[in-house]
Amino acid sequence: GGGAMIQGALPGMADTQAAAEDVVMTPPSIALSIVRHFAPSGILLDPCRGNGAFSDAMPGCDWCEIRDGVDFFAYRKPVDWIVSNPPYSLFSPFMRHAMTVAENIVWLIPINKAWNSTKLIREVAQWGGISETHVVASGSELGFPVGFAVGAVHYKRGFYGGMRLSFMEQAVAP
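Computed from a predicted structure; not experimentally measured. (Residues numbered from 1 in each chain as written. Predicted model: local features only at pLDDT ≥ 70, side-chain atom pairs only at ≥ 80, totals over all residues. Heavy atoms only, no water.)

Our next topic: the overall build of the chain. Within the chain, the regular secondary structure consists of five helices and nine strands. Helices and strands in the chain line up, N terminus first, as β-β-α-β-α-β-β-α-β-α-β-α-β-β. Here the chain, with 174 residues, has 49% of them falling under the buried criterion. A separation threshold of at least 6 residues defines the contact pool for the chain, and within that pool the share at least 24 residues apart is 61%. (Helix = DSSP H or I, 4+ residues; strand = E, 2+ residues; numbered from the N terminus. Buried < 20%, exposed > 50% of the residue type's maximum accessible area, 1.4 Å probe, protein only. Contact = heavy atoms within 4.5 Å.)

Position of Arg164 relative to the elements: it lies in strand S9 (residues 164-167). Overall, the relative accessible area of 48% leaves Arg164 in the partly exposed class. Between the alpha carbons of Arg164 and Ser131 there is a distance of 6.0 Å; along the sequence they are 33 residues apart. Look past the residues within four positions of Arg164 in its chain and what remains in contact with it is His37, Ser131, Glu132 and Thr133. Polar side-chain contacts of Arg164 include one of 2.8 Å to the side chain of Glu132. (Polar contact = N/O pair within 3.5 Å; in protein donor to acceptor, adjacent residues only side chain to side chain.)

Where helix H3 (residues 91-101) meets helix H4 (residues 118-127), the axes come as close as 11 Å, and the angle between the chain directions of the two elements is 15 degrees. Relative to H4, the element H3 is oriented roughly parallel. Classified by chirality, the crossing of H4 by H3 is left-handed. The residues of H4 that touch H3, namely those facing Phe91, Ser92, Met95, Arg96 and Met99, are Lys119, Leu120, Glu123, Val124 and Trp127. For the contact of H3 with H4, the class distribution of residues is six nonpolar, one polar and three charged. (Axes fitted to C-alpha atoms, helices over the stretch in contact; angles between N-to-C directions. Parallel < 35°, antiparallel > 145°, perpendicular 65-115°, else oblique. Left-handed = near helix turned anticlockwise from the far one by under 90°. Nonpolar A, V, L, I, M, F, W, Y, C, P; charged D, E, K, R; others polar.)

Let us now look at the confidence of the model for the chain. Per-residue pLDDT for the chain averages 88, and the proportion of residues at 70 or more is 84%. Scored below 50 in pLDDT, residues 1-18 shows 31 contacts in the model against residues more than four places distant or in partner chains. (pLDDT = per-residue confidence, 0-100.)

Within this structure, the stated rule accounts for zero disulfides. The thiol of Cys48 is unpaired, and the distance to the nearest cysteine sulfur, on Cys64, comes to 8.0 Å. On the basis of relative accessibility, which here comes to 14%, the residue Cys48 falls in the buried class. You can call Cys64 buried: its relative accessible area is 1%. (Disulfide = S-S within 2.5 Å.)

Take the sheet that holds strand S3 (residues 44-46) next. Think of a sheet as strands paired side by side through backbone hydrogen bonds, with each pair either parallel or antiparallel. Spatially, S4-S3-S5-S6-S8-S7-S9 is the arrangement adopted by the seven strands of the open sheet, whose pairing is mixed. Single-partner strands in this sheet number two, and they are strand S4 (62-63) and S9. Pairing of S3 with S4 involves two bridges; the strand directions are parallel. By the bridge assignment for S4, Leu45 is matched with Asp62. (Pairing = 2+ DSSP bridges.)

The structure is reproduced here in structure tokens:
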């Protein structure tokens, strides 16, 4: 806490500021490995393009990036897959909006984010569930401003089975 702040431009949140720690760029090699692992197909969306690590790994995908004036919260088109690294301080609103447009959602997040909110866990359970957690590395190993284990968490609409646990081999940022 207490870090630098950046001005947000989300609907109803024009006066809200997001933590500068939310601007966390995914190493391209990690994004490519995650995209290869999940092999998304159909209509794809990177709602937090950042510097393009995920969108570059998914040629032809739609993208949003608030810093470029393309607001994910204004995006309404149904998609088959969302794959991205969302802003951690806005994880719950991002997840809630993603569930309105996507069949599959893969977030690269500190894994504990998936279990932080009882309310959000219940909302996800009504929508579907987590089909897989693909453990990548610790945040510090990836150069992220968190030390927690970071993974690609795959949420799937209508999924009510057991969660698969997998591990990325040699997940070290270049």
